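If you want the building blocks of each chain, they are given just below.
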Amino acid sequence: MNHEPTIFDKIISREIPAEIVYEDDLCLAFNDINPQAPVHVLVIPKKPIVSLAEISEQDAPLMGHLLVVLSKIAKQIGLESGYRTVLNTGPDGGQEVNHLHFHLLGKRALKWPPG
Ligand code: AMP
């Protein structure tokens, strides 16, 4: 299901600026505007998927690609001691922007369980 344009669509189309750290045909990565750790990058598909709840079998290669990109970015940034990837889904999952996105958090020790 496609969604109403979100702020992330405007970042993809360059209508609004972002600190872009990676881009390819399928996805875009940029720094979170309200970082929760010294490293806080968002990785989003260019395809307008609302959330993990909306993906289908045909999105499997794309979802795999996003994980590979996350791993590459973490290496490039030098997150040798680890990092956390977060994918919030829906209101109870804490999702605020209705365009699927992975958070990549690093450069500080993160607690578990999350709040
Ligand atoms: P979530 O709560 O999982 O939907 O995460 C949405 C994230 O998008 C939050 O961490 C916000 O700080 C971030 N965010 C919202 N607007 C922007 C923006 N214009 N540029 C970068 N990050 C943003």
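Residues numbered from 1 in each chain as written. Predicted model: local features only at pLDDT ≥ 70, side-chain atom pairs only at ≥ 80, totals over all residues. Heavy atoms only, no water.

1. Quick word on the pairing of strand 5 (residues 102–106)
Thinking step 1. Of all five residues in strand 5, five are buried, a share of seventy percent or more.
Thinking step 2. Burial along strand 5 is two-sided: the residues Phe102, Leu104 and Gly106 and His103 and Leu105 are all buried.
Thinking step 3. Two strands pair when backbone bridges link them, and strand 3 (residues 39–45) and strand 5 are joined in this way by five bridges, in the antiparallel orientation. Of the residues in strand 5, the one forming a bridge with Val43 is Phe102.
Thinking step 4. Of the pairings in the sheet, the one linking strand 4 (residues 83–86) to strand 5 comprises four bridges and is antiparallel in character. Across the sheet, Arg84 pairs through a bridge with Leu105, a residue of strand 5. (Buried < 20%, exposed > 50% of the residue type's maximum accessible area, 1.4 Å probe, protein only. Helix = DSSP H or I, 4+ residues; strand = E, 2+ residues; numbered from the N terminus. Pairing = 2+ DSSP bridges.)

2. Brief notes about the nonpolar core
Thinking step 1. The biggest cluster of nonpolar side chains holds 17 residues, and the ones touching the most others in it are Val41, Val43, Leu66, Ile73, Leu100, Phe102 and Leu104.
Thinking step 2. Where this core is concerned, the elements lending two or more residues are strand 2 (27–31), strand 3, helix 2 (60–77) and strand 5.
Thinking step 3. When residues in this core are grouped by element, the largest group, seven residues, is from helix 2.
Thinking step 4. Not counting residues up to four positions away in its chain, the partners in contact with Val43 are Leu28, Ala29, Leu66, Val69, Leu70, Ile73, Leu100, His101 and Phe102.
Thinking step 5. Ile12, Leu28, Ile44 and Val97 belong to the second-largest nonpolar core, a separate cluster that totals eight residues. (Core = buried A, V, L, I, M, F, W, Y, C linked by side-chain atoms within 4.5 Å. Contact = heavy atoms within 4.5 Å.)

3. Description of unusual backbone geometry
Thinking step 1. Cis geometry is adopted by the peptide bond preceding Pro113, which originates at Trp112 and carries an omega value of 0°.
Thinking step 2. Relative to the elements of secondary structure, Pro113 occurs in the segment after strand 5.
Thinking step 3. Positive phi, close to 70°, is recorded for Arg14, a residue that is not glycine.
Thinking step 4. Relative to the helices and strands, Arg14 resides in the loop between helix 1 (7–12) and strand 1 (20–23).
Thinking step 5. Overall, the relative accessible area of 44% leaves Arg14 in the partly exposed class.

4. As for the environment of Met63
Thinking step 1. Looking at where Met63 falls in the secondary structure, it is placed in helix 2.
Thinking step 2. Overall, Met63 belongs to the buried group, its relative accessible area being 10%.
Thinking step 3. Residues Met63 and Leu52 lie 11 residues apart in sequence; the distance between their C-alpha atoms is 9.5 Å.
Thinking step 4. With sequence-adjacent residues up to four places away left out, Met63 is seen in contact with Leu52, Ile55, Leu87, Leu100 and Phe102.

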